[in-house]
Amino acid sequence: MLDLLPEWMRDGIGDDAAFWIGYLTNGKHLAWYASFQFTIFAALLGGTLALVFGLVGAGLKSSRFLPLRAIGDFYSAIVRGVPDVLFFLFFPLAFEQTVEWFVATQVCTPETIAASTSPWPPCREANWFLGTTEYLILASVSLGLVYGAFATNVIHGAMRAVPHGQLEAARAYGFSDAQVFWRFQIRQMWVYALPGLSNVWLLLVKATSLLSLLQIADIVLWADRLGAPNFLPAVGLVHGDWRWRYYLVLLIFYILVTWLSERGFEALMRRAGRGMLNEARG
Amino acid sequence: MKKLIIVGAALAAFAAPATAQETVRIATEGAYAPWNFLNDAGEPAGFEIDLANAICEEAGITCEIVINDWDSIIPNLLAGNYDVIMAGMSITEERLETIDFSDNYFPPDPSRFVAAPGSNLDFANLTGARVGVQGATIQAGWAEENLGANNTIVAFSTADQAMADLAAGNLDTILADGAYLQPVVDASNGAIEFVGEEVLIGDGVGAGIRKGDAELIETWNTALDALKADGTVDGLIAQWFDGMGPFFSE
């Protein structure tokens with residue numbers, strides 16, 4: 001990395017600084033910096049899915065058709081109660097095995113099953129190898145499912161908080177049921193939902209630190225590896241227990257994300273509150 | 001049309017393992033220097049990486065090293081995510097119930113205790129001590145069985161984390177492979193020292209291979225025999241373990 005700099009800049013940096021720049025830009029550290037993309041990707045995709053699941057869940061919950069309402073209630077009640085770590089471990093594994101089971105019913109023959117050396121999947125052809133990309137997507141879906149259940153409740157509550165008079169007035173002006181729903185209830189719902197959704201979003205961001213549980217070399221795993229004491233010159237720089245330094249960087253990263261999120265939600269809140277006289281102004 | 005392409009790609013992805021048989025995937029932990037670790041460039045390196053490359057060259061096969069957590073390294077072998085484990089894994093009766101091993105490429109290595117200087121642990125009747133081990137290792141099993149009743153056994157997911165907690169004063173002692181601890185103690189400038197007596201567990205370190213994958217075990221053993229005879233294995237052991245051995249050649 002250092003040799004990319006022009007010579008006069010290299011001379012200007014002291015030996016000490018040059019050493020630290022070299023250390024902090026070695027392949028291991030670069031891999032750590034690059035791993036931030038996994039966390040950011042999981043947060044963004046997970047967040048988007050959570051919003052989608054939340055809207056669908058809230059729609060189901062306020063449905064007039066009992067079975068749909070039951071599905072919505074079941075989803076928000078059960079998934080909110082299960083610890084996110086458990087769901088995180090359970091969902092990708094169950095999904096993988098289901099896919100493998102389905103593929104096995106299609107491609108396995110008695111001969112290939114007999115030739116298989118492992119107890120699962122039934123035959124080698126049915127094995128689905130999950131790499132980082134697959135796990136990342138499954139992790140994002142898990143995050144979306146778990147936090148979508150919270151978003152369901154938030155959005156459902158917000159839809160009921162829209163003043164009834166507004167909807168009645170809209171009907172009185174001759175708007176159809178669909179127009180009343182989209183242009184009045186959903187449009188005004190955001191003002192009540194956003195504070196709750198910002199909570200859900202921050203919880204989801206925190207949960208992205210669990211990615212390493214799914215074999216993803218994420219920021220937490222690299223911080224662990226880089227911070228662990230090293231006594232062997234053959235392995236790299238000899239140093240003591242530096243985990244706290246690396247954890248501190250993660251701490252600052254998450255605080256930064258929180259700060260940015262707050263700004264973002266403030267802007268959204270202002271936008272959602274346009275033309276509304278009540279709570280949004282507060 | 002687009003849908004057809006997607007379905008085709010998905011089928012190809014599922015069918016891939018069958019055709020990719022020529023490439024043998026070797027799993028290692030990457031956190032157990034000098035056996036296997038990630039070097040400054042972030043790539044796998046160490047004794048077992050060099051040995052794996054030598055074996056694959058000897059056997060004339062293409063190999064790929066993959067990193068997998070220690071905890072799930074056997075389950076993922078059984079699931080077929082890779083074909084061989086070379087991760088400082090000792091051959092034990094317990095593991096032989098689920099997987100097979102090649103011949104050992106590192107002789108039985110006594111496990112040893114380390115502690116901070118002046119720890120004064122009474123190993124004859126150790127009580128109330130916090131003993132660190134790496135989870136799912138032979139040491140973890142031994143410690144649970146022999147010390148578990150009167151002491152707290154703390155299991156870590158990597159050996160590095162156990163060392164970090166010993167350095168931080170959260171543990172009284174660590175039980176681990178002697179060959180792993182030796183360079184650590186040597187390089188620690190007296191911050192960590194050997195204590196107590198050696199404990200003999202396991203039948204040496206070998207490559208873990210799925211039960212019934214007889215052809216692959218055969219390949220591994222043939223290559224290992226040749227590399228032991230010509231001194232390659234001993235050379236690598238001496239190189240990575242500070243002049244230990246020779247164990248396998250005359």
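Residues numbered from 1 in each chain as written. Chains lettered and ligands numbered in written order. Predicted model: local features only at pLDDT ≥ 70, side-chain atom pairs only at ≥ 80, totals over all residues.

Under an unreviewed UniProt entry, the name given to chain B is Amino acid ABC transporter, and the source organism is Devosia geojensis. Under the Sequence similarities (unreviewed entry) heading, UniProt states for chain B: "Belongs to the bacterial solute-binding protein 3 family." In its Subcellular location (unreviewed entry) section, the UniProt entry covering chain B states "Cell envelope". (UniProt positions renumbered as here; feature names shortened; annotations may be inferred.)

(A) View of the domain arrangement of chain B. Annotation of chain B at the domain level lists domain 1 (20-108 + 204-240) and domain 2 (111-199). Across the side of domain 1 of chain B that touches domain 2 of chain B, the residue classes break down as five nonpolar, three polar and two charged. (Domains from an automatic or database assignment. Nonpolar A, V, L, I, M, F, W, Y, C, P; charged D, E, K, R; others polar.)

(B) Inspection of the UniProt feature "domain: Solute-binding protein family 3/N-terminal" (unreviewed entry) in chain B at higher detail. Residues given the UniProt feature "domain: Solute-binding protein family 3/N-terminal" (unreviewed entry) here are residues 23-244 of chain B. What you have in residues 23-244 of chain B is 34% helix and 28% strand, and the ends, taken at the C-alpha atoms, are 32 Å apart. (Helix = DSSP H or I, 4+ residues; strand = E, 2+ residues; numbered from the N terminus.)

(C) Structural view of the sheet that holds strand β10 (residues 152-156) of chain B. All names here are of chain B. The sheet built from five strands is open, its strands ordered β10-β9-β11-β8-β12 with mixed pairing. Looking at which strands have only one partner, the edges of the open sheet turn out to be β10 and β12 (193-199). The mean angle between the axes of side-by-side strands here comes to 30 degrees, regardless of whether they run parallel or antiparallel. Bridge count between strand β8 (residues 111-115) and strand β11 (residues 173-177): four bridges; the pairing is antiparallel. Each residue of the ladder has a partner; that of R112, found in β11, is A176. (Pairing = 2+ DSSP bridges. Axes fitted to C-alpha atoms, helices over the stretch in contact; angles between N-to-C directions.)

(D) Focus on the sheet that holds strand β2 (residues 31-32) of chain B. Residues and elements named next belong to chain B. Strand order in this open sheet of three strands is β2-β3-β4, and the pairing throughout is antiparallel. Each edge of the open sheet carries a strand with a single partner, namely β2 and β4 (44-45). The sheet contact formed by β2 and strand β3 (residues 36-38) spans two bridges and is antiparallel. What sits directly across from A31, in β3, is F37.

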